[in-house]
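So the chains spell out like this:
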Amino acid sequence: MDDGFLMEVCVDSVESAVNAERGGAGRIELCAGLVEGGTTPSMGLLQVVKQCVRVPVFVMIRPRGGDFLYSDREVEVMKADIRLAKLHGADGLVFGALTEDGRIDTELCTALLAVCRPLPVTFHRAFDMVHDPLVALETLISLGFERVLTSGCDSSALEGLSLIKRLAEQVMSSARCVTWGLFPPGGGITERNLQRILEGSTASEFHCSARSARDSGMKFRNPNVAMGASFSAPEYSIKVADVAKVRTLNAIAKNIL
């Protein structure tokens, strides 16, 4: 924490993790599959990132893209990934789970939290898919989550700003807010809208990816083959956390808070 706020950068590579720290990030959320909103990273990635950065590394626990309604076998995968992440140096975990009717899956979350402890846990943007966010927030506080990542149940934190502010006020008015963490707005944060989001939300944390595209070093390229679905990113353009973007966002936040 620096000057009353914390910047968390979501990364999916060692290069991005190093760039995020160089740019001033106070915490890293480590994922794979950012095109799908983030999935569980490999333990090899976690090990190397932990060797290269000093800021806390929170590990995404999400066995697949798509919704947050998990089967029994997917739950076993999540529990195994949590144990492995703890073994390989994770400083915190990030997950979310919902019932089919859009409520917090309290039974599953309780079971996963027990495996995560004593590490702190963030409930991720599954929160933005809940039926009633105000009720969901109370549920998460009672379960023991330290923080929630949200775009205010809208397409970006800017569009969801009014709800983010209501949720932050709900946290501050709770007698349990001393033991509960901060409420970082996440989703679509850029240097163009960060000031408005932070001033409007009263948040003390924010979450971003701050990425730019970098051209691949490959000289031979086969234009007829793609390594994924038609909507996937081009093979020869790599997105990484941009040191300059991270520093810019950091500077904006320091001037506000």
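Structure's up top.
Residues numbered from 1 in each chain as written. Predicted model: local features only at pLDDT ≥ 70, side-chain atom pairs only at ≥ 80, totals over all residues. Heavy atoms only, no water.

Draft legend 1. Structural context of unusual backbone geometry. With an omega of 10 degrees, the peptide bond between Arg117 and Pro118 qualifies as cis. At Ala210, a position not held by glycine, the phi torsion is positive, near 50 degrees. Locating Ala210 in the fold gives a position in the loop between strand E7 (205-208) and strand E8 (211-215). In this structure Ala210 comes out as buried when scored by relative accessible area, which is 9%. (Helix = DSSP H or I, 4+ residues; strand = E, 2+ residues; numbered from the N terminus. Buried < 20%, exposed > 50% of the residue type's maximum accessible area, 1.4 Å probe, protein only.)

Draft legend 2. Representation of the nonpolar core within the structure. Val9, Phe95, Phe123 and Phe206 are the most contacted members of the largest nonpolar core, which totals 66 residues. With six residues, helix H4 (residues 106-116) is the single largest residue contributor to this core. Setting aside residues up to four positions removed in sequence, Phe123 forms contacts with Phe95, Gly96, Ala97, Leu98, Ile104, Cys109, Leu140, Phe145, Arg147, Val148 and Leu149. Judged by nonpolar contacts, the second largest core, of six residues, contains Leu34, Phe58, Met60 and Val94. (Core = buried A, V, L, I, M, F, W, Y, C linked by side-chain atoms within 4.5 Å. Contact = heavy atoms within 4.5 Å.)

Draft legend 3. Seen up close, the environment of Ser209. Locating Ser209 in the fold gives a position in the loop between E7 and E8. With 130 residues separating them along the chain, Ser209 and Lys79 place their C-alpha atoms 26 Å apart. Look past the residues within four positions of Ser209 in its chain and what remains in contact with it is Val9, Cys10 and Ala241.

Draft legend 4. Local environment of the state of the cysteines. Summed over all chains, the structure comprises zero disulfides. Cysteine Cys116 shares no disulfide, and the gap to the nearest cysteine sulfur, in Cys109, comes to 9.7 Å. A disulfide-free cysteine, Cys208 has its sulfur positioned 9.1 Å from the sulfur of Cys10, the nearest such atom. (Disulfide = S-S within 2.5 Å.)

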